[in-house]
Amino acid sequence: MDCAYFAAGRCGSCTELPTPYDVQLAAKERSCRDALADHPDLAGITWLSTAASATEGFRNKAKMVVAGTPEAPTLGILDPLGTGVDLRICPLYSPAMHGLLEVLAEFVVRARLTPYDVSLRRGELKHLIVTESPDGEFLVRFVLRSTEGVPRIRKHLPGLLAEHPSVAVVSVNRQPEHKAILEGPDEEILTDRVTLPMRVNDRVLHLRPRSFFQTNTDLAAELYRQAASWADEIAPSSVLDLYCGVGGFALHLTAPGRRVMGVELSEEAVASAVAGATENGLAADFVCGDATAVDVADVEAELVVVNPPRRGLGPDLCASLESSSARWVVYSSCNATSLARDLAQLPSWVPRQGRVIDMFAHTSHFEVITLLERR
């Protein structure tokens, strides 16, 4: 991937960009296996071929820091001095995303939204967060310090929606604190539509503004296909999907006669998962709750799917899996180090197959999905 920003030293986010992509993949495979090398049962695991990413235009979400002035805003990142670096044509994004970011920069000017100045701790607009669906629709979020700019966003929004019908959902998030956090707890949707449909394989998932979704749609589809392929082989009668999010795994693992339940802490994500099940006509139940507090034995699932945050499962959930009657676990991890730590706390489980999914090209990060079988 050629990147003028990287070449000019204006952005170094893609740390592995100078490395040929095939070498990047080989390094990630080694990193994954090295992280898991101390596990006594890894010698017998079958490693499937790594799922490679497109090398550009693959990111479905742009998280843009807004800086500059109301007349000349920048959308991108901040340099070490706190000055805005405009990245609106970053090659990680699609041409359609590039075009919309240009439009949104013009909208900031038209609506007189003052970019937040980190050094002075004043201003209103902190971030623009834009998600693109496979069908070319967009969810746009304005992250503001206060509600001061909301009336002007409302005033100019009809023109934006009329000129750019690909913008499906628009919301305002309020993040009043002077902290390096992306968003706050308060969200207001300004459009009639409240979810962005994400077509993944033969399923349609629904994203609300605060819902988590993998940033690489094609590789998310591969991740779900891999889990579904394993489920087809082992044919469980019941599935428990912990950290289910908007239902990506759960909705891909439904089958006639199979009981599927997802657990997720975010009420918004659960609502999205329910909407996905309804639209796809699939039988799956979703409940709002803390996945780490679930007593897996009470659910009596043959297959448990876990997709935890970077910190991993932790000792309590590992102990719950140990004491359960489950026969299989599909563990999707974005951190091989925490995966290795969790596997050490799951002595009753043997890793049978694994696969590296390169969700994050040009960085050192990757996803790894493993199939575990009870001894």
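Here we summarise the structure given alongside this text. As the structure is a prediction and not an experimental result, all values here were calculated from the model.

The rules behind the values
Residues numbered from 1 in each chain as written. Predicted model: local features only at pLDDT ≥ 70, side-chain atom pairs only at ≥ 80, totals over all residues. Heavy atoms only, no water. Pairing = 2+ DSSP bridges. Helix = DSSP H or I, 4+ residues; strand = E, 2+ residues; numbered from the N terminus. Axes fitted to C-alpha atoms, helices over the stretch in contact; angles between N-to-C directions. Contact = heavy atoms within 4.5 Å. Phe/Tyr/Trp six-rings, centres within 6.5 Å; stacked < 30°, edge-to-face > 60°. Buried < 20%, exposed > 50% of the residue type's maximum accessible area, 1.4 Å probe, protein only. Expected span 1.5 Å × (residues − 1).

## Looking at the sheet that holds strand β17 (residues 367-374)
At step 1: With respect to topology, eight strands assemble into an open sheet ordered β1-β16-β17-β15-β14-β11-β12-β13, the strand pairing being mixed. Each of the sheet's edge strands pairs with one partner strand only, and the pair in question is β1 (46-47) and β13 (285-288).
At step 2: Judged from the four bridges that link them, strand β14 (residues 303-306) and strand β15 (residues 328-333) form a sheet pairing that is parallel. Opposite Leu-303, over in β15, you have Trp-328 as the bridge partner.

## Digging into the sheet that holds strand β6 (residues 138-144)
At step 1: The seven strands lie next to each other as β4-β3-β2-β5-β6-β7-β8, forming an open sheet whose pairing is mixed. Each having just a single partner strand, β4 (84-86) and β8 (186-189) make up the two edges of the open sheet. Each strand of the sheet is rotated relative to its neighbour by a mean of 40°, with strand direction disregarded.
At step 2: For strand β7 (residues 167-174) and β8, the ladder comprises four bridges, and the chain directions are antiparallel. Within β8, the residue paired with Arg-174 across the bridge is Asp-186.
At step 3: Strand contacts of helix α3 (residues 95-110): β2 (61-68), β3 (73-78), β5 (125-132), β6 and β7, with the helix running at about 150° to β5, the strand carrying the most contacts.
At step 4: Relative to the sheet, helix α4 (residues 150-163) contacts β6, β7 and β8, its axis offset from that of β7 by approximately 170°.

## Observations regarding the packing of aromatic side chains
At step 1: In this structure the tally under the stated criterion is two aromatic pairs.
At step 2: Centroid distance Phe-107 to Phe-142: 5.5 Å. Interplanar angle 40°. Geometry classified as tilted. A residue pair is termed long-range when its members are at least 10 positions apart, and Phe-107 in helix α3 and Phe-142 in strand β6 qualify at 35 residues.
At step 3: The exposure class of Phe-142 is buried, given its relative accessible area of 0%.
At step 4: When the centroid spacing of 4.9 Å and the interplanar angle of 80° are considered together, the rings of Tyr-224 and Phe-249 count as edge-to-face. On the criterion of sequence distance, the pair formed by Tyr-224 in helix α5 (residues 217-234) and Phe-249 in helix α6 (residues 248-252) is long-range, its members being 25 residues apart.
At step 5: Look at Tyr-224 and you get buried, because its relative accessible area is 6%.

## Some words on α4
At step 1: Between its terminal C-alpha atoms α4 stretches 20 Å, which fits the 20 Å expected from 14 residues at 1.5 Å a residue.
At step 2: Looking at α4, one finds that the buried residues are Val-150, Arg-152, Ile-153, His-156, Leu-157 and Leu-160.
At step 3: Packing partners of the buried residues in α4 comprise α3, β6, β7 and β8.

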